[in-house]
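# Overview (structure and organization)
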Amino acid sequence: MCGIIGYIGERQAPDILIDGLQKLEYRGYDSAGIAVFDHNSIKVIKTEGKVSALAKKKAAADLQEVHCGIGHTRWATHGEPSDINAHPHSVGRVTLVHNGIIENYAELGERYHPSPLSRTDTEIAAAVINACYHGDAVSAIFEAVNMFHGAYALCIMFEDQPDTVYAIRKSSPLIVAVGENETFLASDIPAILSHTKDYYLPEKGELAILTKQGVRFVGATGESIEKELKTADWDESAARKNGYDHYMLKEIFEQPAVIEQTILRYKNDFTIFENEDFDFEVKGNIHIVACGSAYHAGLMGKYAIEKLARVPVLVHIASEFRYDNPILHKDDLVIAISQSGETADTLAAVRLAKEHNVRTLGIVNVRGSSLSRLADHTLYTLAGPEIAVATTKAYLCQVCLLQLLAVRMAGKGLTMQEYKDMMVAFEALPAQIEQALSFCDDAKALAEKFKNAEHIFFMGRGQDSCLAMEASLKLKEISYIHSEAYAAGELKHGTISLITENTPIISIMTDRNRLPKTASNLKETGARGALITAVTYSDVRADAYTDEQISIPVMNEMTAPLIAAVKLQLLAYYVALSKGCDIDQPRNLAKSVTVE
Ligand code: F6R
C-alpha cells in the first residue's frame with residue numbers, strides 16, 4: 001500500500017499535499033515526496049523516512065506561490081526505502097507518483113528505460129509514458145497503460161502542461177475530489193475530508209484531467225465520461241476507518257487489494273528485494289518460527305512447501321524454540337514470520353538460529369522492523385499497516401506469500417501444468433476474496449446463533465486443521481467465547497466427551513480427499529447433539545449431517561482455505577459485535593508483543 005495525493009487550486013499546494021500525506025501515512029511510511037509546479041517547471045522534493053522528514057525538507061526549499069502538485073507516501077514494493085526510490089519519479093517531461101505494482105516493468109524497462117536511476121517499477125512507468133508522449137497527454141497515457149500489467153493508481157504531471165494533473169487507476173484505489181476553485185486527488189477520503197466532502201470514484205479506463213476549474217473524465221478515445229458526484233458523510237473517526245465501524249472490518253475489506261499486491265509482487269519474481277543472493281534451494285530442513293496467528297500461517301506454509309517443494313518443514317512456536325535445544329544444521333533454513341517484526345520470542349528464535357550459523361529468512365510486514373534488520377534476508381508481506389489487534393489481512397498475506405514461496409522453492413520440481421494451475425489459482429484469489437466479503441449479512445445472522453455459546457469447537461483435516469486453529473483464535477480473542485481447534489480425527493480421542501446437546505462445531509472441509517473422513521467425524525458429534533456448521537465448497541451436499549453450510553466457490557484446494565478464512569474472520573467479527581466487545585482492542589492484548 002502507498003498513499004497518493006494531488007492538489008490544484010488557489011492555496012499553497014505544498015501545505016495541502018503534506019497535510020494529506022500525513023493523513024495517508026497509515027498506508028505506508030518508509031519514504032515520502034512531492035512534486036510541484038514552481039514557476040512553470042517541476043520541482044521534486046523527496047526523502048527516505050516519514051512525512052515529518054519530508055515536511056522539514058519542504059520548509060527548507062522555500063517554495064512560494066505554488067498551486068499545483070502531487071505527493072506520495074511509500075510502502076516499498078520494488079527497491080528498498082531510500083531517497084532515490086522514493087516517489088515522485090521523473091523521466092523526460094513526465095513526473096508521476098504510483099500506488100500498485102507494474103508486473104511487467106522489467107521487460108518494459110529493457111525496451112524504454114534500460115538505465116534507470118532507481119530500482120522501482122514506477123520510474124519505468126514514467127519512462128513508458130514519456131516515450132509515448134508527443135504533446136497529447138491523453139493518448140500517451142492510454143497508450144502506456146495498455147502496456148502495463150498489474151495494478152496501478154497514477155497521478156501524472158507533464159513539464160509542458162503547468163497546472164494540469166492527470167490520474168488513472170486499475171485496481172489500486174483513487175478518488176478525485178472537488179472544492180471551490182480547487183481539485184484534489186487522494187488514495188482515500190480521509191486525506192481530503194477537511195477540505196471537501198464531494199468526490200468522484202474513477203473506474204478502470206477513465207482518465208481524470210484536473211485543473212483549478214474542475215475535473216473532467218475521458219475514455220481511451222478522448223470521449224467525455226459523465227460521472228456521479230458523491231458526498232462523504234463521515235466524521236473524523238469514521239474517516240480514519242474509511243467509514244467502517246472498526247479497523248478490523250476495514251482491514252478485512254482491504255484483503256482483496258493487499259492479496260493482489262502480494263501476488264503481483266512475488267508471482268514471477270522473488271529476486272529483486274533484499275534477496276538477490278538468496279538461494280531458494282534448501283538441502284536440509286526448513287524450520288518456521290512464529291507466534292500466534294503467524295504460527296498458524298506457518299503451519300499452512302508447511303503444508304504448501306512440503307506438498308510442492310518436497311522439503312521437510314518443522315513449525316515451532318517461537319517461545320518454545322530456544323528452550324527445546326532444537327536440532328539445527330548448517331544446510332537448514334529458519335523462516336521467522338511476524339507482522340510487526342518486533343515479537344520478542346520470534347526475534348530470540350532468529351538470534352539462536354544465527355548463533356548456529358543457520359540461514360534466516362524473515363517474512364515481515366513492517367519495514368525496517370527489528371526482524372527485518374536481524375534476519376539475513378527479508379520478504380515483505382504487502383498488507384500495509386495493520387491497526388486492529390486481531391490480525392486479518394497480515395495473516396492472509398503471510399499464508400499467500402508462503403504458498404508463493406512454495407511454488408518458487410519447488411522450481412522445476414513442478415510440471416508445467418502444476419505451475420500453471422497454481423498461477424491461475426493465485427490470479428483468481430483477489431476476486432474470490434472480494435466475493436467472500438458479501439458474506440457479511442449471513443455472518444451477522446449466524447452470529448446471533450453463536451453469541452450465547454460457552455464453547456465453540458473448530459475442526460478440519462490437513463490444511464483445514466491449521467485454519468481451524470486460526471479461526472478459533474480469531475473468534476475467542478475478540479468475542480471472549482472459549483473455543484478450541486482440533487484435527488477432526490482427534491475429537492474421539494478425548495474431546496468428544498465435551499460435546500453435548502447444542503454444542504456448536506464449525507468444520508472446515510476444503511480437502512476433498514479427506515472429506516468423507518471428516519463427514520464421519522461430524523456424524524459422530526451430531527449423534528451427541530452437536531450443532532454443526534460446515535465450511536465447504538458449494539458443490540458439496542453436507543446437509544445430511546450438518547445444520548448450516550457456509551459455502552465457498554469450487555476452486556483450487558490449496559488456496560481454498562484463504563476464502564474460508566475470510567468468511568470465518570467475518571463470523572468472528574459479527575459474533576464479537578453482537579456481544580458488544582471492544583473489537584479493535586480486546587482485553588489484555590497488545591498489537592506488538594515485545595516481551596518474552
Ligand atoms: C492474533 C494475533 C497474534 C499475533 C502474534 C504474533 O490475532 O495478531 O496472535 O499473530 O502476537 O505477532 P507478530 O506477527 O507481530 O509477530
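Fair warning: this is a prediction, and the values are worked out from it, not measured in the lab.

About the thresholds
Residues numbered from 1 in each chain as written. Predicted model: local features only at pLDDT ≥ 70, side-chain atom pairs only at ≥ 80, totals over all residues. Heavy atoms only, no water. Helix = DSSP H or I, 4+ residues; strand = E, 2+ residues; numbered from the N terminus. Rg over C-alpha atoms; globule rule 2.2 N^0.38 Å. Buried < 20%, exposed > 50% of the residue type's maximum accessible area, 1.4 Å probe, protein only. Contact = heavy atoms within 4.5 Å. Areas by Shrake-Rupley, 256 points an atom, 1.4 Å probe, with all protein chains shown as cover. Lys, Arg positive; Asp, Glu negative; His and termini not counted. Charge placed at Lys NZ, Arg CZ, Asp CG, Glu CD. Near = heavy atom within 4 Å. Polar contact = N/O pair within 3.5 Å; in protein donor to acceptor, adjacent residues only side chain to side chain. Nonpolar A, V, L, I, M, F, W, Y, C, P; charged D, E, K, R; others polar. Domains from an automatic or database assignment. Buried area = accessible area lost by both parts, 1.4 Å probe. Salt bridge = Lys/Arg side-chain N within 4 Å of Asp/Glu carboxyl O.

## Thoughts on the overall build of the chain
Of the regular secondary structure elements, the chain holds 18 helices and 25 strands. Against the globule reference of 25 Å for 596 residues, the chain gives a C-alpha radius of gyration of 25 Å, in line with a compact fold. Reported as C-alpha extents along the three principal axes, the dimensions of the chain are approximately 80 × 55 × 45 Å. The buried share of the chain, taken over its 596 residues, is 62%. Sequence separation of at least 24 residues holds for 72% of the intrachain contacts in the chain that already meet a minimum separation of 6. For the chain, the computed accessible surface area is about 22,900 Å², with 48% contributed by carbon and sulfur atoms. Counting 58 positive and 77 negative side-chain charges, the chain places the centres of these two groups 3 Å from one another.

## Thoughts on the site of the ligand
Close contacts around the ligand come from 14 residues, with Ser338, Gln339, Ser340, Thr343 and Glu477 the closest. The side chain of Ser340 places a nitrogen or oxygen atom 2.6 Å from an oxygen atom of the ligand. Here Val389 contributes a backbone N or O atom positioned 3.4 Å from an oxygen atom of the ligand. About the coverage of the ligand: the protein hides 89% of its 400 Å² of free accessible area. Of all the elements in the fold, those that place two or more residues in the shell around the ligand are α9 (292-308) and α16 (463-479). When grouped by side-chain class, the residues that make up the shell around the ligand number five nonpolar, seven polar and two charged.

## Here we look at the domain arrangement of the chain
Domains assigned within the chain are domain 1 (3-238), domain 2 (241-435) and domain 3 (439-585). Contact residues are listed per partner, giving 37 residues for domain 2 and 32 residues for domain 3. Across the domain 2 to domain 3 interface the summed buried area is about 2,800 Å²; carbon plus sulfur atoms make up 70%. The interface formed by domain 2 and domain 3 includes zero salt bridges. Listing elements by their share of the side of domain 2 that touches domain 3, those giving two or more residues are α7 (247-253), α9, α13 (393-410) and α14 (416-436). With 10 residues, α9 is the single largest residue contributor to the side of domain 2 that touches domain 3. A per-class count over the side of domain 2 that touches domain 3 returns 23 nonpolar, 10 polar and four charged.

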